[in-house]
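Secondary and tertiary structure notes
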Amino acid sequence: MIPTNTTQHIRDLNITWCPVYKASSTVWKDYLVKRVLKSDVLYPRLDLLWRYRLSNRRAPTRTGKKLYTKEDPLTPRFTVVRHPIVRIISYWKMSRTCDEIIRSGFIRKVILDRPLRNSTTTETATKYKQEFDSYYKWCKEQESLKSHGKPFLSYTEYNVSNPGNPYLNPPHVTFRELVDHMEEQRNKLKNNDWEGHWAPASEWCDVCVHKFDYIIKLENEPEELIFLLRKLGLYDDRKMFLSLHNNSTLSPSTMDEIQAFSNLLTSRQKQFLNKFYYVDFEMFGYDNLYVDN
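How each quantity is defined
Residues numbered from 1 in each chain as written. Predicted model: local features only at pLDDT ≥ 70, side-chain atom pairs only at ≥ 80, totals over all residues. Heavy atoms only, no water. Disulfide = S-S within 2.5 Å. Helix = DSSP H or I, 4+ residues; strand = E, 2+ residues; numbered from the N terminus. Buried < 20%, exposed > 50% of the residue type's maximum accessible area, 1.4 Å probe, protein only. Pairing = 2+ DSSP bridges. Salt bridge = Lys/Arg side-chain N within 4 Å of Asp/Glu carboxyl O. Axes fitted to C-alpha atoms, helices over the stretch in contact; angles between N-to-C directions. Contact = heavy atoms within 4.5 Å.

**A word on the state of the cysteines**
Applying the stated criterion across every chain, the model contains two disulfides. There is a disulfide in this structure between Cys18 and Cys205, and the S-S distance comes to 2.0 Å. Residues Cys18 and Cys205 share a disulfide whose torsion about the S-S bond is about -90°; that sign makes it left-handed. Here Cys18, found in strand β2 (residues 15–18), pairs with Cys205, found in the loop between α8 (201–204) and α9 (207–210); they are 187 residues apart in sequence, far enough to count as distant. The exposure class assigned to Cys18 is buried, which follows from its relative accessible area of 0%. According to the relative accessible area criterion, Cys205 is buried, its value standing at 1%.

In structure tokens form, the structure reads like this:
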């Protein structure tokens, strides 16, 4: 089990929440920051809520539910989940932005680990690396010029002068490279060495330990969202949630996208994802990926 402490107790609202990344966590984060901390902040950051992370200082109650510092026994605990493969696809789309390329660290490493042709000379290899470094520097400059948090799509704006440079074609990780990195990181897992954007929700939120009262599926919004807001006493704020940003049903187009991205993967990669997300698939009622025998 991953020893993270991601669940947050918002005392002012008497709720306890675990943000599952790429599953409406931004919508909830924006709401909580503006409602509890700074109503006038234009671009809320999740780290503003870190002070609310649960501290592990109290033993389990007789019901087995573990209470935390200043948490009332009746405080409702909740989280929002999403189809695991859709979460990966969503992160991959975000990984193409300069913001994520600079933040993550692993993207640069994955790109520079791409194999070169056997005929590539040392001089050419050095040139390729220099061209990528120029692109990376450009990305940093674009990020420093931003006045807000909107992602900057690097690959659509940068003029790649050398189409033969594998480090710039494409200048971001491919979906297959991302899944390979996920598997590599899983094999090397150490304490807190994890990426919440694709970690299984069942592990990230330690669902069995935290004993959540409500787990809703993003695909079932707005019906389950309205139900949750009523239970949390936040129904009056429903208009702040009902937007296109968190309305993501498993429509035919979404299922087609899952299939399209699945087709990019090898059978081994799909087997890894099915194993990696096995508990999420079973616990939350999602279909795993079909693997050819």
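Anyway, onward from the coordinates.
**A few points about the pairing of β2**
For a regular strand, side-chain orientation follows a simple rule: the groups alternate between the two sheet faces. Because side chains alternate across β2, one face comprises the buried residues Ile15 and Trp17, and the other comprises Thr16 and Cys18, equally buried. Taking the residues between adjacent antiparallel strands as the criterion, strand β1 (residues 8–10) and β2 are bridged by four residues, where Asn14 takes a positive phi near 55°. In terms of strand pairing, β2 meets strand β3 (residues 77–81) through three bridges, oriented parallel. Across the sheet, residue Trp17 finds its bridge partner in β3, namely Phe78.

**What to know about unusual backbone geometry**
Across the junction of Asn169 and Pro170, the peptide omega takes the value 0°, indicating a cis bond. Relative to the helices and strands, Pro170 is located in the loop between α6 (154–157) and α7 (175–187). Cis geometry is found at the peptide bond from Glu221 to Pro222, where omega equals 10°. Along the chain, Pro222 turns up in the loop between β4 (214–217) and α10 (223–232). At Lys22, a position not held by glycine, the phi torsion is positive, near 65°. Within the fold, Lys22 resides in the loop between β2 and α1 (25–37). At Asp206, a position not held by glycine, the phi torsion is positive, near 45°. Checked against the element boundaries, Asp206 lands in the loop between α8 and α9.

**Considering the pattern of salt bridges**
According to the stated counting rule, one finds 13 salt bridges in the structure shown. The partner of Glu177 in a salt bridge is Arg114, with the nearest N and O atoms 2.8 Å apart. Here Glu177, found in helix α7, pairs with Arg114, found in the loop between α4 (106–112) and α5 (122–145); they are 63 residues apart in sequence, far enough to count as distant. With respect to class, Glu177 is no different from Arg114; both count as buried. The salt bridge partner of Glu203 is Arg186, with a shortest N-O separation of 2.9 Å. Placement of Glu203 in helix α8 and of Arg186 in helix α7 is noted, with a sequence separation of 17 residues between them. Judged by relative accessible area, which is 16%, Glu203 ranks as buried. Arg186 gets classed as partly exposed once you look at its relative accessible area, which sits at 25%. Residues participating in the shared-partner salt-bridge network are Glu100, Arg103 and Glu195.

**Details of the sheet that holds β1**
One open sheet holds the four strands; their spatial order is β1-β2-β3-β4, and the pairing between them is mixed. This sheet does not close on itself; its edge strands, each paired only once, are β1 and β4. Each strand axis lies, on average, 25° off the axis of its neighbour in the sheet, ignoring direction. The pairing of β1 with β2 spans three bridges and is antiparallel. Each bridged residue has a counterpart across the sheet, and for Ile10 the counterpart in β2 is Ile15. Against the sheet, α1 engages β1, β2 and β3, with an angle of about 145° to β2. α10 contacts β2, β3 and β4 of the sheet and is inclined by roughly 155° relative to β4.

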